[in-house]
Amino acid sequence: AQTVTQSQPEMSVQEAETVTLSCTYDTSESNYYLFWYKQPPSRQMILVIRQEAYKQQNATENRFSVNFQKAAKSFSLKISDSQLGDTAMYFCAFMTNTNAGKSTFGDGTTLTVKP
Amino acid sequence: DAGVTQSPTHLIKTRGQQVTLRCSPKSGHDTVSWYQQALGQGPQFIFQYYEEEERQRGNFPDRFSGHQFPNYSSELNVNALLLGDSALYLCASSQTGGQTYEQYFGPGTRLTVT
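I will try to describe carefully the structure that is included in this document. (Residues numbered from 1 in each chain as written. Chains lettered and ligands numbered in written order. Predicted model: local features only at pLDDT ≥ 70, side-chain atom pairs only at ≥ 80, totals over all residues. Heavy atoms only, no water.)

Residue and element names in this part refer to chain A. Inspection of the entire model under this criterion finds 2 disulfides over all chains. Each sulfur in the disulfide pair Cys23 and Cys92 lies 2.0 Å from the other. On the S-S bond that ties Cys23 to Cys92, the torsion sits near -65°, and the link is left-handed. Taken as a pair, Cys23 in the loop between strand E3 (19-21) and strand E4 (24-26) and Cys92 in strand E10 (residues 88-96) lie far apart in primary sequence, 69 residues in all. You'll find Cys23 and Cys92 in the same group, each marked buried. (Disulfide = S-S within 2.5 Å. Helix = DSSP H or I, 4+ residues; strand = E, 2+ residues; numbered from the N terminus. Buried < 20%, exposed > 50% of the residue type's maximum accessible area, 1.4 Å probe, protein only.)

Written out as C-alpha cells, the structure reads:
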C-alpha cells in the first residue's frame, strides 16, 4: 500500500522566521511525483511546490523549498521568511506515473504564523 | 481563465437520501478526479474520469458513482447517504497527455448528512 505520513499535526512559527514541515512516504514504485499543497481556512487547495522523483535537485519556489531524500523516502518543506498569509493546513502528497491523476495525501500539518 | 468550479458550495441532506455534486474542470483540462476530505484529515481519492469513463477508483463503495460529460464536466453521485458521508468533496482537474501530475483543485462542496 502507498502511504504518506505527516508526523506534525500542528506547528507554529513567528513571522519572518523559518519553519520545516516533515513528510515521509512509502511506495514500491520508482517513478512518481511529490507535492506540497496549502489549504487556507477558505479551503481551496493550492499547489505550493512539486518534485519529480527522478530529479536529484531539490525544488524551490520563492520562499518555499524542499529537502527530498529519495532513499529515506522523505520530503520536507521549508518555508523561509514566514508570513501571516502562510497560515494554513499543509498537505504532502504523491502521485505515481502508473496512476496519474490519483494523489495520495497525508493527514496534514496545521501551520500558524504568529505576528 | 476560469479555474475549477464546483456546485453547490454547501449541501444538507438526510440519511438515506441521494445527492449529486457537480464540477467543471479548468479550461483545457480533460480529466477529473474526485476526493473526499473528512474533517481534520487529508483528501481520499474516490475515482477519476477521462473520456467519459471511470479510469481509476479508490476504496469507496458502489454507492459512490460518477459521470463525465462530453464537455469534460463531471458529476459525483452518492446514494443511500450515511452520516459518515459528511465531508468536503473536492474535484481536481488535469490534462491527460500533458503534465498529468499537475492537478488543480476546486473550492469543494461541503456535504452534511443529518
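Now that the structure is up, let's keep going.
In this section: empty space enclosed by the protein. Residue and element names in this part refer to chain A. This structure, assessed with the given rule, holds 1 cavity of 30 Å³ or more. Quantified by volume, the largest cavity comes out at close to 40 Å³. If you trace the largest cavity, you find it lined by Gln2, Phe94, Met95, Thr96, Asn99, Lys102 and Thr104. No other element matches E10, which puts 3 residues into the lining of the largest cavity. Residues of the lining of the largest cavity, tallied by class, amount to 2 nonpolar, 4 polar and 1 charged. (1 Å grid on protein atoms, 1.4 Å probe; cavity = no way out; pocket = protein on both sides within 12 Å on 5 of 7 lines; lining within 4 Å. Points joined across faces, edges and corners; volume = space filled by probe spheres on them. Nonpolar A, V, L, I, M, F, W, Y, C, P; charged D, E, K, R; others polar.)

On to the sheet that holds strand E7 (residues 64-68) of chain B. Residue and element names in this part refer to chain B. The strand order E1-E3-E8-E7 describes an open sheet built from 4 strands, whose pairing is antiparallel. Looking at strand neighbours, the two that pair on one side only are strand E1 (5-7) and E7, the edges of this open sheet. Within the sheet, the average angular offset between the axes of one strand and its neighbour, ignoring direction, is 20°. (Pairing = 2+ DSSP bridges. Axes fitted to C-alpha atoms, helices over the stretch in contact; angles between N-to-C directions.)

Here we take up the pairing of E7 of chain B. Residue and element names in this part refer to chain B. Only one face of E7 is covered, namely the one carrying Phe64, Gly66 and Gln68; the face carrying Ser65 and His67 has none of its residues buried. For E7 and strand E8 (residues 74-78), the ladder comprises 5 bridges, and the chain directions are antiparallel. From the neighbouring strand, Ser65 faces E8, where its bridge partner is Asn77.

Right, let's get into the interface of chain B and chain A. Where interface size is quoted, it is often the accessible area lost as the parts come together. In this complex, chain B contributes 24 residues to the contact, which on the side of chain A involves 20 residues. Counting the surface lost from both chain B and chain A, the interface buries some 1900 Å², and carbon and sulfur atoms represent 49% of this. Contact with chain A buries surface across chain B, with Gln56, Tyr101 and Phe105 of chain B losing the most and accounting together for 34% of the total. The interface formed by chain B and chain A includes 1 salt bridge. Here Arg50 of chain A ties to Glu102 of chain B by a salt bridge, and the two come within 2.7 Å at their closest N and O atoms. (Contact = heavy atoms within 4.5 Å. Buried area = accessible area lost by both parts, 1.4 Å probe. Salt bridge = Lys/Arg side-chain N within 4 Å of Asp/Glu carboxyl O.)

Below, the discussion takes up unusual backbone geometry. Note on backbone geometry: most residues besides glycine have negative phi, and most peptide bonds are trans. Following Ser7 of chain B, the chain continues to Pro8 of chain B via a peptide bond in cis, the omega torsion being -10°. Positive phi outside glycine occurs at Asn62 of chain A, with the angle close to 55°. Locating Asn62 of chain A in the fold gives a position in the loop between strand E7 (60-61) and strand E8 (64-69). Relative accessible area serves as the criterion here: at 76%, Asn62 of chain A is assigned to the exposed category. Positive phi values are uncommon outside glycine, yet Lys73 of chain A reaches one of about 55°. Among the secondary structure elements, Lys73 of chain A is positioned in the loop between E8 and strand E9 (74-79). Owing to a relative accessible area of 25%, Lys73 of chain A belongs among the partly exposed residues under this scheme.

Interpretation note: all reported values are geometric properties and have no functional meaning in isolation.
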